[in-house]
Amino acid sequence: MISLVVPILNEEELINELVSRSVSVLEKLSEEFELIFVDDGSTDTSLHKLIGHQEHDSRVKVISLSKNFGHQAAFTAGLENASGAYVAMMDGDLQDPPEVLEAMYEKIVNEDYDIVSGRRSDRKGNQTKNGMTRLFHQIFKSVANLEDLENAGNFSMMNRQALMALLSMKERVRYLPGLRSFVGFKQGFVDYVRDERLQGQAKMTFGKLSLLAADAIFSFSKFPIRLCLILGFIGTIVFMFAGIYVLTAKIFGFAITGWPSTVLSIYFLGSIQLIFLGIIGEYVYRIYKESQKRPLYFIRKIYQNEEKK
């Protein structure tokens, strides 16, 4: 059996085509499959449309969360409720073409891969947003010490063994592409062109993308805290030489009168300290979130075939 997990947030304009294309692809791959939609607190008619499809096709399963818990939590809810021997993840905006799942499945079955991720060879749509996404992937690849993460997002397929390894990691602040890379196993890639959004508004705004990027970097890299150490060391050396210069100027009588240099140095050191406090605060916040041990999500209702309940 194959399971496809798709989180949904206010995608009423795309639901019909999303279901049609996904079912068409899954039918080619296996006679047994389940198409799992996770409604992440939609406020439009997305849930109503999904329930309509579920009532007409028992292979469709709908998980309705009690509120909006976020993209990564919605994916986790779907993965934890998937029962397939092979489980795929795909965004619900059709920018990741469902047809690429065929190549992923062939690679897992015929080439003995445990995890196959979609790697974006090109992107259509908003070039500014695309450029910022590329920049994030380049930075994350450099600082996270995780291989082959460049241009690979949530779009992927894995076998049951790899899925169980992924789900065994229970951190509350989650970046699934990073966790997927961290578990190891034999991993491969399928290159594809990421489509532009057909209809509706993008749900991953600049602010949400920035928060996701912060979660990814702080969860998988020592770079931010190491940056504090490097800047502190550089600042110490700079002001040591500055102190030597001031003493020399005083001794030989060519010191500049006034206080601008003093004020500037105070502001400079104060700014560095605030940056350090902010970075340390990010780590403390994440430690606090982990220590709370709150569930990632709550399920309001599951709509599925009676025989599977």
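Residues numbered from 1 in each chain as written. Predicted model: local features only at pLDDT ≥ 70, side-chain atom pairs only at ≥ 80, totals over all residues. Heavy atoms only, no water.

> Give me the lowdown on the overall build of the protein chain, citing residues and values where you can.
Each helix and strand in the protein chain was counted, giving 10 helices and eight strands. Counting over 309 residues, the protein chain shows a buried share of 44%. About 16,500 Å² of surface is accessible on the protein chain, with carbon and sulfur atoms providing 59% of the total. (Helix = DSSP H or I, 4+ residues; strand = E, 2+ residues; numbered from the N terminus. Buried < 20%, exposed > 50% of the residue type's maximum accessible area, 1.4 Å probe, protein only. Areas by Shrake-Rupley, 256 points an atom, 1.4 Å probe, with all protein chains shown as cover.)

> Any details on helix α2 (residues 46-56)? Residues and values, ideally.
Among the residues of α2, S46, L47, L50, I51 and Q54 are the ones counted as buried. Buried residues of α2, seen end-on, are gathered within an arc of 130° and therefore sit on one face of the element. The exposed set on the far side of α2, more than 90 degrees from its buried face, consists of H48, E55 and H56. Contact partners of the buried residues in α2: β1 (2-8), α1 (15-29), β2 (33-39), β3 (60-65) and β8 (299-303). (Arc of directions from axis to C-beta. Contact = heavy atoms within 4.5 Å.)

> Which residues make up the side chain of S22, and what values go with them?
Checked against the element boundaries, S22 lands in helix α1. By relative accessible area, S22 is classed as buried at 0%. A polar contact is formed between the side chain of S22 and the backbone oxygen of L18, at a distance of 2.7 Å. For S22, the contacting residues outside a window of four places in its chain are L4, L35, M90 and P98. (Polar contact = N/O pair within 3.5 Å; in protein donor to acceptor, adjacent residues only side chain to side chain.)

> Break down the side chain of D91 for me, citing the residues and quoting the values.
In this fold, D91 is placed in the loop between β4 (86-89) and α4 (100-111). At 2.9 Å, the side chain of D91 forms a polar contact with the side chain of H71. Beyond its immediate stretch of four places on either side in the chain, D91 contacts V6, H71, F75, D96, N154 and R194.

> So what's going on with the packing of aromatic side chains? Which residues, and what values?
Tallied over the entire structure, the rule returns three aromatic pairs. Taking 5.4 Å as the distance between ring centres and 80° as the angle between the ring planes, the aromatic pair formed by F155 and Y192 counts as edge-to-face. One end of the pair, F155, is in strand β6 (residues 152-159); the other, Y192, is in strand β7 (residues 187-194), with 37 residues separating them in the sequence. This pair shows no difference in class: F155 is buried, exactly as Y192 is. (Phe/Tyr/Trp six-rings, centres within 6.5 Å; stacked < 30°, edge-to-face > 60°.)

> Can you tell me about a nonpolar patch on the surface, naming the residues and giving the values?
On the surface, F233, I237, F241 and I244 cluster together into a nonpolar patch covering about 410 Å² of accessible area. Its place among the elements puts I244 in helix α9 (residues 223-252). Assessed through its relative accessible area of 45%, I244 is described here as partly exposed. (Patch = residues over 30% accessible without salt bridge, like charges linked within 9 Å, V, L, I, M, F, W, Y side chains within 5 Å. Salt bridge = Lys/Arg side-chain N within 4 Å of Asp/Glu carboxyl O.)

> Please give an account of the pairing of β6 that cites residues and values.
For β6, the tally of buried residues reaches eight of eight residues, placing the bulk of the element in the interior. Of the pairings in the sheet, the one linking β4 to β6 comprises four bridges and is antiparallel in character. Paired with M89 across the strands is S156, a residue of β6. (Pairing = 2+ DSSP bridges.)

> I'd like to hear about the nonpolar core, residue by residue, with values.
In terms of nonpolar packing, the biggest core is built from 35 residues, with L4, V6, L35, F37, L101 and M104 touching the most fellow members. Of all the elements in the fold, those that place two or more residues in this core are β1, α1, β2, α2, β3, α4, β6 and β7. Discounting chain neighbours no more than four positions away, the residues touching M104 are V116, S117, G118, F155, S156, M157 and V190. Within the second largest apolar cluster, 24 residues are counted, among which are V5, I115, L167 and Y297. (Core = buried A, V, L, I, M, F, W, Y, C linked by side-chain atoms within 4.5 Å.)

> If you had to explain the pairing of β2 to someone new, which residues and values would you point to?
Across the seven residues that make up β2, a large majority, seven, are buried. Bridge count between β1 and β2: seven bridges; the pairing is parallel. Along β2, the bridge assignment pairs S3 with E34. Where the polypeptide runs from β1 across α1 and back to β2, its parallel neighbour, the crossover connection is right-handed. Relative to β3, β2 is paired through five bridges, and the arrangement is parallel. Looking across to β3, one finds that I36 is bridged to K61. You can see the chain leave β2, run along α2 and come back into β3, and the turn it takes is right-handed. (Right-handed = clockwise from strand over helix to strand, strands pointing away.)

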